[in-house]
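A closer look at the structure
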Amino acid sequence: MNIYADNAATTKMSKAAIEAMLPYFDQIYGNPSSLHSTGQYAAEALFMARKIIAEILGCDAREITFTSGGSEADNQAIVSAASIGAKKGKKHIISSAIEHHAVLHTLEKLKKQGFEITLLDAHENGIVRPEELAAAIRPDTALVTIMYANNEIGSIQPIAELGKICREKGVIFHTDAVQAVGHVKINVVEDNIDMLSLSAHKFHGPKGIGVLYAKKGIPLTNLIEGGAQERGKRAGTENLPAIMGMAAALKEAVSDIDENTAKLIPLRDRLIEGLLQIPHTVLNGDPKLRLPGNANVCFEGIEGESLLLLLDSKGICASSGSACTSDSLDPSHVLLAIGRPHEVAHGSLRLSLSEENTIEEIDYMIEAIKEVVAYLRNMSPVWRDLQEGKRSYVIQ
């Protein structure tokens, strides 16, 4: 059996996305900036894709900027808001300790430029408390950037409430919604969002294409200089095939969101329940306020890397956290931020499902993971010490 359970890293492209892209490779292949008819056919398609995405997000098409993905969108949103704030003497930014590195590394860069960064606690369930955000906002706060849903532990933030606080305080509110778009219902107006980042390959679209939504009146700082594409805010000829695939994938994901959610939540909960039957295992993230397809646990006494390799030999594709940090030997910053000790954080497993997964696959994964965990624990001197009472269990 071959099971793909790493959809938080990337998803399989949908047939709708592939079919939407094909004409723009060899039929409508013009440059959207060209004035001749071949270019204008491309420009019309570009406008339609922008309009489709804007309607789904609940915004105006002119508030949509196409990017190379979520990381670029995060960077441009944060740098733009920082620039706006600096011009007004505001150099304080608030975020959370569990953000994606596209956000955290950008904030580190701004810190070296004189900005003060406050990282809010996400607590054990991985959720930022609105009252703590309200207390952290200062007169010199330029930006609040809190992710919509965490890419590792799946916790969904109270975005509308957080955004409302920012709106009342007159602070720009950005959310990295890369993991959420296409999986939970989002409306930028109802959610009080000023800026939002998304990436197509997280909802069965192509890689290398994303969107930055920026509310009208928020000027964007260019990361790439050159031509006047994207209203002069993102130079470079637009990747029209990818954009068309993204629009088609997002339209399909949103139209099927209720059906997919109704299928995924029982599968997710069955998987979590099965994994928690393994002694000394803990769930990471909120048990209810989490992405429909996300299951993340820590097993005491094992190393996540060995777990992944053995699961792969059993035909299961999984991860221990963000794919962007898979080469790092350090434990997940997200798990450390929610209070998991280093020795426990090293034994993490993230399984992220899609609507294509089946109950048979869930049951196979549960049994396979039980076998692998038992095998690794039997080989572990740490586990032996725990069983002999030489060490105390962290996970009861």
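Because the structure is predicted, anything quoted here is derived from the model rather than measured.

Focus on the packing of helix α10 (residues 304–313) against helix α13 (residues 359–379)
The geometry of α10 relative to α13 is characterised by a closest axis approach of 10 Å and an angle of 135 degrees between their N-to-C directions. By the angle between their axes, α10 is oblique relative to α13. Crossing hand, α10 versus α13: right-handed. Where α10 approaches α13, its residues Ser306, Leu307, Leu310 and Leu311 are matched on the opposing element by Ala368, Ile369, Val372, Val373, Tyr375 and Leu376. In the contact of α10 with α13, the residues fall into 9 nonpolar, 1 polar and no charged.

A look at the pairing of strand β10 (residues 294–299)
In summary, the side chains of a regular strand alternate between the two faces of the sheet. Of all 6 residues that make up β10, 6 are buried, and the element is covered over most of its length. Every second residue of β10 is oriented toward a common face, with Asn294, Asn296 and Cys298 on one face and Ala295, Val297 and Phe299 on the other, all of them buried. Sheet topology note: the β10/strand β12 (residues 348–352) ladder contains 5 bridges and is antiparallel. The residue of β12 that forms the bridge with Cys298 is Ser348.

Section: the pairing of strand β2 (residues 64–67)
In β2, alternate side chains face the same way, and those of Ile64 and Phe66 on one face and Thr65 and Thr67 on the other are all buried. In terms of strand pairing, β2 meets strand β8 (residues 210–214) through 4 bridges, oriented antiparallel. Looking at the pairing, Ile64 lines up with Tyr213 of β8.

Structural notes on the sheet that holds strand β9 (residues 281–283)
Read across the sheet, 3 strands follow the order β9-β10-β12 without closing on themselves; strand pairing throughout is antiparallel. Across the chains shown, the open sheet's two edge strands, defined by having one partner strand only, are β9 and β12. The sheet shows a mean angle of 25 degrees between the axes of neighbouring strands, direction not considered. Relative to β10, β9 runs antiparallel, the two sharing 3 bridges. In the strand pairing of β10, Val282 is matched with Cys298.

Quick word on the packing of aromatic side chains
On inspection of all chains with the given rule, the structure shows 1 aromatic pair. Against the face of Trp383 rests Arg377, its NZ or CZ located 4.0 Å from the ring centre.

Overview of the pattern of salt bridges
All chains considered together, the criterion is met by 17 salt bridges. Taking the shortest distance from any N to any O, the salt bridge between Arg340 and Glu124 comes out at 3.2 Å. Here Arg340 is found in the loop between α11 (333–337) and α12 (342–345), whereas its partner Glu124 is found in the loop between β4 (116–120) and α6 (130–136), with 216 residues between them in sequence. The exposure class of Arg340 is buried, given its relative accessible area of 9%. Notably, a salt bridge pairs Asp194 with Arg167, separated by 3.1 Å at the nearest N-O pair. With Asp194 in the loop between β6 (172–176) and β7 (195–199) and Arg167 in helix α7 (residues 159–169), this pair connects stretches of sequence that are 27 residues apart. A relative accessible area of 6% places Asp194 in the buried class. Here Arg167 falls in the partly exposed class, since its relative accessible area comes to 35%. Here the salt bridges do not stand alone but share partners, grouping Glu116, Arg138 and Asp140 into one network.

Calculation notes
- Residues numbered from 1 in each chain as written.
- Predicted model: local features only at pLDDT ≥ 70, side-chain atom pairs only at ≥ 80, totals over all residues.
- Heavy atoms only, no water.
- Axes fitted to C-alpha atoms, helices over the stretch in contact; angles between N-to-C directions.
- Helix = DSSP H or I, 4+ residues; strand = E, 2+ residues; numbered from the N terminus.
- Parallel < 35°, antiparallel > 145°, perpendicular 65-115°, else oblique.
- Left-handed = near helix turned anticlockwise from the far one by under 90°.
- Contact = heavy atoms within 4.5 Å.
- Nonpolar A, V, L, I, M, F, W, Y, C, P; charged D, E, K, R; others polar.
- Buried < 20%, exposed > 50% of the residue type's maximum accessible area, 1.4 Å probe, protein only.
- Pairing = 2+ DSSP bridges.
- Phe/Tyr/Trp six-rings, centres within 6.5 Å; stacked < 30°, edge-to-face > 60°.
- Lys NZ or Arg CZ within 6 Å of the ring centre and 35° of its normal.
- Salt bridge = Lys/Arg side-chain N within 4 Å of Asp/Glu carboxyl O.

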